[in-house]
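One letter stands for each residue in the lines below.
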Amino acid sequence: GFDLVGLLDDAVEIILTSDEFKKRYLNLAGNIRRFYKAILPDPSAKEFSADVKLFHVLAQKIISLSSGGGEVDISDVMRQIEDVLDRSIATEGYVIREPEAAYGFERIIDLSKINFDALRKRFEQGRKRMEIEKLKSTLGRVIFDMCRENPTRRDYLEQFQQMIEEYNAGSANVDEFFKRLVEFSQKLRDEERRNIAENLSEEELAVFDILTKPEIKMTDKEQKQVKKAARDMLKSINREN
(Lines give C-alpha, C1' and ligand atoms only; values in the text may rest on other atoms or scores of the structure.)
Protein backbone atom coordinates (compact mmCIF):
# COMPACT_ATOMS: atom_id res chain seq x y z
CA GLY A 1 0.00 0.00 0.00
CA PHE A 2 0.98 3.63 0.54
CA ASP A 3 3.45 2.69 3.29
CA LEU A 4 5.33 0.42 0.89
CA VAL A 5 5.42 3.11 -1.82
CA GLY A 6 6.80 5.57 0.72
CA LEU A 7 9.49 3.14 1.84
CA LEU A 8 10.51 2.46 -1.75
CA ASP A 9 10.81 6.20 -2.43
CA ASP A 10 12.85 6.61 0.77
CA ALA A 11 15.22 3.91 -0.46
CA VAL A 12 15.56 5.56 -3.89
CA GLU A 13 16.28 8.91 -2.21
CA ILE A 14 19.16 7.30 -0.31
CA ILE A 15 20.54 5.54 -3.38
CA LEU A 16 20.61 8.87 -5.24
CA THR A 17 23.08 10.32 -2.74
CA SER A 18 25.64 10.41 -5.55
CA ASP A 19 25.94 9.31 -9.19
CA GLU A 20 28.67 6.85 -8.18
CA PHE A 21 26.41 5.25 -5.56
CA LYS A 22 23.51 5.16 -8.02
CA LYS A 23 25.55 3.52 -10.79
CA ARG A 24 26.99 0.98 -8.36
CA TYR A 25 23.51 0.07 -7.16
CA LEU A 26 22.18 -0.33 -10.71
CA ASN A 27 25.14 -2.54 -11.63
CA LEU A 28 24.67 -4.71 -8.54
CA ALA A 29 20.90 -4.96 -9.05
CA GLY A 30 21.52 -6.01 -12.66
CA ASN A 31 23.97 -8.69 -11.53
CA ILE A 32 21.49 -10.01 -8.97
CA ARG A 33 18.80 -10.32 -11.63
CA ARG A 34 21.17 -12.12 -14.03
CA PHE A 35 22.35 -14.54 -11.34
CA TYR A 36 18.77 -15.25 -10.36
CA LYS A 37 17.76 -16.04 -13.94
CA ALA A 38 20.83 -18.24 -14.30
CA ILE A 39 19.73 -20.62 -11.53
CA LEU A 40 16.12 -20.91 -12.73
CA PRO A 41 14.18 -23.19 -12.75
CA ASP A 42 15.94 -24.65 -9.71
CA PRO A 43 13.33 -24.76 -6.88
CA SER A 44 15.84 -23.28 -4.44
CA ALA A 45 15.57 -19.98 -6.36
CA LYS A 46 12.19 -19.33 -4.76
CA GLU A 47 13.72 -18.25 -1.48
CA PHE A 48 15.43 -15.34 -3.26
CA SER A 49 12.53 -14.23 -5.47
CA ALA A 50 11.15 -11.55 -3.09
CA ASP A 51 14.57 -9.90 -2.62
CA VAL A 52 15.35 -10.05 -6.35
CA LYS A 53 12.00 -8.42 -7.12
CA LEU A 54 12.65 -5.66 -4.57
CA PHE A 55 16.09 -4.84 -5.99
CA HIS A 56 14.62 -4.83 -9.51
CA VAL A 57 11.71 -2.54 -8.56
CA LEU A 58 14.10 -0.03 -6.97
CA ALA A 59 16.31 -0.11 -10.07
CA GLN A 60 13.30 0.50 -12.31
CA LYS A 61 12.15 3.44 -10.18
CA ILE A 62 15.61 5.01 -10.47
CA ILE A 63 15.73 4.50 -14.25
CA SER A 64 12.20 5.90 -14.66
CA LEU A 65 13.36 9.21 -13.16
CA SER A 66 15.42 9.83 -16.28
CA SER A 67 12.23 10.68 -18.22
CA GLY A 68 12.53 8.17 -20.98
CA GLY A 69 14.02 4.94 -19.73
CA GLY A 70 17.69 5.80 -19.98
CA GLU A 71 20.34 8.31 -19.06
CA VAL A 72 22.37 10.55 -21.28
CA ASP A 73 26.04 9.63 -21.04
CA ILE A 74 27.62 13.09 -20.93
CA SER A 75 31.16 11.93 -21.73
CA ASP A 76 29.91 10.04 -24.80
CA VAL A 77 27.87 13.05 -25.93
CA MET A 78 30.97 15.26 -25.63
CA ARG A 79 32.89 12.94 -27.95
CA GLN A 80 30.02 12.93 -30.45
CA ILE A 81 29.78 16.73 -30.46
CA GLU A 82 33.54 17.09 -30.90
CA ASP A 83 33.38 14.73 -33.87
CA VAL A 84 30.48 16.61 -35.45
CA LEU A 85 32.23 19.95 -34.99
CA ASP A 86 35.49 18.62 -36.44
CA ARG A 87 33.66 17.37 -39.52
CA SER A 88 31.75 20.64 -39.81
CA ILE A 89 34.87 22.78 -40.15
CA ALA A 90 36.87 20.32 -42.23
CA THR A 91 38.43 21.40 -45.51
CA GLU A 92 35.61 19.92 -47.58
CA GLY A 93 33.26 22.51 -46.17
CA TYR A 94 30.51 22.79 -43.63
CA VAL A 95 27.65 20.32 -43.95
CA ILE A 96 24.47 20.52 -41.90
CA ARG A 97 21.34 18.44 -42.21
CA GLU A 98 17.85 18.81 -40.86
CA PRO A 99 18.12 17.24 -37.36
CA GLU A 100 15.02 15.07 -37.72
CA ALA A 101 16.27 13.62 -40.99
CA ALA A 102 19.86 13.20 -39.89
CA TYR A 103 19.35 11.73 -36.45
CA GLY A 104 15.79 10.42 -36.40
CA PHE A 105 14.82 12.43 -33.34
CA GLU A 106 12.39 15.17 -32.53
CA ARG A 107 12.61 17.64 -29.67
CA ILE A 108 10.09 16.44 -27.10
CA ILE A 109 11.08 18.60 -24.15
CA ASP A 110 10.12 22.27 -24.21
CA LEU A 111 11.75 24.15 -21.33
CA SER A 112 9.35 27.05 -21.78
CA LYS A 113 6.52 24.78 -20.66
CA ILE A 114 8.16 23.72 -17.40
CA ASN A 115 6.56 25.30 -14.34
CA PHE A 116 9.61 26.11 -12.24
CA ASP A 117 7.55 27.47 -9.35
CA ALA A 118 5.76 24.13 -9.08
CA LEU A 119 9.12 22.39 -9.44
CA ARG A 120 10.59 24.36 -6.53
CA LYS A 121 7.53 23.57 -4.42
CA ARG A 122 7.87 19.84 -5.07
CA PHE A 123 11.56 20.07 -4.26
CA GLU A 124 10.96 21.79 -0.92
CA GLN A 125 8.13 19.48 0.11
CA GLY A 126 9.28 16.16 -1.33
CA ARG A 127 12.33 13.97 -1.72
CA LYS A 128 14.96 16.41 -2.93
CA ARG A 129 17.38 14.00 -4.58
CA MET A 130 14.61 12.42 -6.64
CA GLU A 131 13.53 15.86 -7.92
CA ILE A 132 17.15 16.68 -8.73
CA GLU A 133 17.53 13.41 -10.63
CA LYS A 134 14.47 14.15 -12.76
CA LEU A 135 15.56 17.72 -13.52
CA LYS A 136 19.14 16.69 -14.21
CA SER A 137 18.01 13.98 -16.63
CA THR A 138 15.62 16.36 -18.38
CA LEU A 139 18.35 18.96 -18.86
CA GLY A 140 20.75 16.29 -20.10
CA ARG A 141 18.32 15.35 -22.86
CA VAL A 142 17.65 18.98 -23.77
CA ILE A 143 21.38 19.74 -24.05
CA PHE A 144 21.96 16.57 -26.05
CA ASP A 145 19.29 17.60 -28.57
CA MET A 146 20.47 21.21 -28.67
CA CYS A 147 24.04 20.14 -29.41
CA ARG A 148 22.94 17.81 -32.18
CA GLU A 149 21.11 20.75 -33.74
CA ASN A 150 24.08 23.06 -33.26
CA PRO A 151 27.42 21.48 -32.25
CA THR A 152 28.92 24.82 -31.18
CA ARG A 153 26.70 24.65 -28.09
CA ARG A 154 29.12 22.22 -26.49
CA ASP A 155 29.98 24.93 -23.92
CA TYR A 156 26.60 24.26 -22.30
CA LEU A 157 27.43 20.56 -22.17
CA GLU A 158 30.75 21.32 -20.47
CA GLN A 159 29.08 23.61 -17.92
CA PHE A 160 26.48 20.94 -17.17
CA GLN A 161 29.13 18.27 -16.74
CA GLN A 162 31.14 20.51 -14.40
CA MET A 163 28.10 21.17 -12.21
CA ILE A 164 27.43 17.44 -11.88
CA GLU A 165 31.06 16.70 -11.07
CA GLU A 166 31.13 19.39 -8.38
CA TYR A 167 27.92 18.06 -6.86
CA ASN A 168 29.24 14.49 -6.85
CA ALA A 169 32.47 15.70 -5.26
CA GLY A 170 30.51 17.37 -2.45
CA SER A 171 31.33 20.94 -3.48
CA ALA A 172 27.62 21.80 -3.62
CA ASN A 173 24.87 20.55 -1.33
CA VAL A 174 21.45 19.40 -2.50
CA ASP A 175 19.79 22.83 -2.20
CA GLU A 176 22.64 24.68 -3.91
CA PHE A 177 22.79 22.14 -6.75
CA PHE A 178 19.05 22.41 -7.36
CA LYS A 179 19.32 26.21 -7.45
CA ARG A 180 22.14 26.01 -9.98
CA LEU A 181 20.19 23.56 -12.16
CA VAL A 182 17.18 25.91 -12.23
CA GLU A 183 19.39 28.90 -13.13
CA PHE A 184 21.06 26.81 -15.82
CA SER A 185 17.62 25.89 -17.17
CA GLN A 186 16.89 29.58 -17.70
CA LYS A 187 20.10 29.95 -19.72
CA LEU A 188 19.16 26.98 -21.88
CA ARG A 189 15.69 28.41 -22.40
CA ASP A 190 17.22 31.69 -23.62
CA GLU A 191 19.51 29.75 -25.97
CA GLU A 192 16.54 27.82 -27.36
CA ARG A 193 14.94 31.13 -28.36
CA ARG A 194 18.11 32.79 -29.66
CA ASN A 195 17.38 31.97 -33.30
CA ILE A 196 14.18 34.04 -33.03
CA ALA A 197 16.11 36.99 -31.59
CA GLU A 198 18.70 36.68 -34.37
CA ASN A 199 15.98 36.31 -37.04
CA LEU A 200 17.49 33.05 -38.24
CA SER A 201 16.27 29.48 -38.62
CA GLU A 202 17.88 26.81 -36.43
CA GLU A 203 20.01 25.65 -39.38
CA GLU A 204 21.04 29.21 -40.24
CA LEU A 205 21.93 29.90 -36.61
CA ALA A 206 24.15 26.81 -36.55
CA VAL A 207 26.05 28.03 -39.63
CA PHE A 208 26.23 31.56 -38.19
CA ASP A 209 27.72 30.22 -34.95
CA ILE A 210 30.30 28.16 -36.84
CA LEU A 211 31.39 31.31 -38.69
CA THR A 212 31.58 33.52 -35.59
CA LYS A 213 33.06 31.25 -32.92
CA PRO A 214 35.16 31.75 -30.97
CA GLU A 215 33.34 34.97 -30.16
CA ILE A 216 34.40 37.93 -32.26
CA LYS A 217 33.33 41.55 -31.94
CA MET A 218 31.27 42.76 -34.90
CA THR A 219 29.42 45.90 -35.81
CA ASP A 220 25.73 45.61 -36.68
CA LYS A 221 26.62 45.90 -40.35
CA GLU A 222 29.22 43.12 -40.13
CA GLN A 223 26.78 40.91 -38.25
CA LYS A 224 24.17 41.36 -40.99
CA GLN A 225 26.77 40.45 -43.60
CA VAL A 226 27.69 37.25 -41.75
CA LYS A 227 24.02 36.31 -41.38
CA LYS A 228 23.54 36.79 -45.11
CA ALA A 229 26.59 34.63 -45.75
CA ALA A 230 25.15 31.93 -43.47
CA ARG A 231 21.84 31.98 -45.35
CA ASP A 232 23.57 31.90 -48.75
CA MET A 233 25.88 29.07 -47.68
CA LEU A 234 22.95 27.02 -46.40
CA LYS A 235 20.97 27.57 -49.61
CA SER A 236 23.98 26.45 -51.63
CA ILE A 237 24.40 23.29 -49.50
CA ASN A 238 20.71 22.45 -49.77
CA ARG A 239 20.82 22.84 -53.57
CA GLU A 240 23.80 20.50 -53.80
CA ASN A 241 22.10 17.93 -51.58
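Criteria and cut-off values
Residues numbered from 1 in each chain as written. Predicted model: local features only at pLDDT ≥ 70, side-chain atom pairs only at ≥ 80, totals over all residues. Heavy atoms only, no water. Helix = DSSP H or I, 4+ residues; strand = E, 2+ residues; numbered from the N terminus. Buried < 20%, exposed > 50% of the residue type's maximum accessible area, 1.4 Å probe, protein only. Contact = heavy atoms within 4.5 Å. Areas by Shrake-Rupley, 256 points an atom, 1.4 Å probe, with all protein chains shown as cover. Core = buried A, V, L, I, M, F, W, Y, C linked by side-chain atoms within 4.5 Å. pLDDT = per-residue confidence, 0-100. Axes fitted to C-alpha atoms, helices over the stretch in contact; angles between N-to-C directions. Parallel < 35°, antiparallel > 145°, perpendicular 65-115°, else oblique. Left-handed = near helix turned anticlockwise from the far one by under 90°. Nonpolar A, V, L, I, M, F, W, Y, C, P; charged D, E, K, R; others polar. Lys, Arg positive; Asp, Glu negative; His and termini not counted. Salt bridge = Lys/Arg side-chain N within 4 Å of Asp/Glu carboxyl O. Polar contact = N/O pair within 3.5 Å; in protein donor to acceptor, adjacent residues only side chain to side chain. Expected span 1.5 Å × (residues − 1). Arc of directions from axis to C-beta.

A. The arrangement of the overall build of the protein in detail. Looking only at helices and strands, the protein features 12 helices and 0 strands. In the protein, the order of α-helices and β-strands from amino to carboxyl end is α-α-α-α-α-α-α-α-α-α-α-α. Per-residue burial for the protein yields a buried fraction of 40% across its 241 residues. Taking the contacts inside the protein whose residues are at least 6 apart along the sequence as the reference set, 74% of them involve residues at least 24 apart. As displayed, the protein offers around 14600 Å² of accessible surface, 51% of which is attributable to carbon and sulfur atoms.

B. Highlighting the nonpolar core. The biggest cluster of nonpolar side chains holds 24 residues, and the ones touching the most others in it are Ile 132, Leu 139, Phe 160, Leu 181, Phe 184 and Leu 188. Of all the elements in the fold, those that place two or more residues in this core are helix 6 (116–125), helix 7 (128–149), helix 8 (154–168) and helix 9 (174–192). Dropping the residues within four chain positions of it, Leu 181 is found in contact with Ile 132, Leu 135, Lys 136, Leu 139, Phe 160 and Met 163. Of all hydrophobic cores here, the second largest spans 11 residues; its members include Ile 15, Leu 16, Leu 58 and Leu 65.

C. Highlighting the confidence of the model for the protein. Averaged over all residues, the pLDDT of the protein is 79; the fraction at 70 or higher stands at 80%. The secondary-structure element of the protein with the lowest mean pLDDT is helix 5 (residues 99–103), recorded at 35, while helix 9 shows the highest, at 92. pLDDT under 50 marks residues 87–107. Its contacts with residues more than four places away, or in other chains, come to 34 contacts.

D. Structural context of the packing of helix 7 against helix 9. Put simply, helix 7 and helix 9 touch, their axes get as near as 10 Å, and they point 25° apart. Judged on the interaxial angle alone, helix 9 and helix 7 are roughly parallel. Here helix 7 runs over helix 9; the crossing is left-handed. Of the residues in helix 9, those touching helix 7 at Lys 128, Arg 129, Ile 132, Leu 135, Lys 136, Leu 139, Val 142, Ile 143 and Met 146 are Val 174, Asp 175, Phe 177, Phe 178, Leu 181, Val 182, Phe 184, Ser 185, Leu 188, Glu 191 and Glu 192. Along the lines of polarity and charge, the residues of the contact of helix 7 with helix 9 split into 13 nonpolar, 1 polar and 6 charged.

E. Highlighting unusual backbone geometry. Following Leu 40, the chain continues into Pro 41 via a peptide bond in cis, with omega recorded as 5°. Its location among the elements puts Pro 41 in the loop between helix 2 (19–39) and helix 3 (49–64). Despite not being glycine, Asn 199 has its phi angle at roughly 60°, a positive value. Within the secondary structure, Asn 199 is located in the loop between helix 10 (194–197) and helix 11 (202–212). Asn 199 gets classed as exposed once you look at its relative accessible area, which sits at 60%.

F. The side chain of Glu 13, seen in detail. Residue position: Glu 13 is located in helix 1 (residues 2–15). Salt bridges are absent for the buried Glu 13, whose nearest opposite-charge side chain, Arg 129, sits at 4.1 Å. From its side chain, Glu 13 meets the backbone nitrogen of Lys 128 in a polar contact 3.1 Å long. One polar contact links the side chain of Glu 13 to the main-chain amide nitrogen of Arg 129, over a distance of 2.8 Å.

G. Layout of helix 8. The terminal C-alpha atoms of helix 8 lie 21 Å apart, and with 15 residues this matches the ideal 21 Å at 1.5 Å per residue to within 8%. Looking at helix 8, one finds that the buried residues are Tyr 156, Leu 157, Phe 160, Met 163, Ile 164 and Tyr 167. Taken around the axis of helix 8, the buried residues stretch over an arc of 125°, which confines them to a single face. Remark: Gly 170 follows helix 8 within two positions and exhibits a positive phi of approximately 90°.

H. Quick peek at the pattern of salt bridges. The full count for this structure, using the stated rule, is 22 salt bridges. Its salt-bridge partner being Glu 133, residue Lys 22 comes within 2.7 Å of it at the nearest N-O pair. In this pair, Lys 22 sits in helix 2 while Glu 133 sits in helix 7, placing the two residues 111 residues apart along the sequence. Taking the relative accessible area as the measure of exposure, Lys 22 reaches 1% and is therefore buried. Residue classification places Glu 133 among the buried residues on the basis of a relative accessible area of 4%. Between Asp 190 and Arg 193 there is a salt bridge; the shortest N-O distance is 3.4 Å. Residue Arg 193 is classed as partly exposed on the basis of its relative accessible area, which comes to 41%. If you follow the salt bridges from partner to partner, you end up with Glu 149, Arg 153, Glu 191, Arg 194, Glu 202 and Asp 209 in one network.

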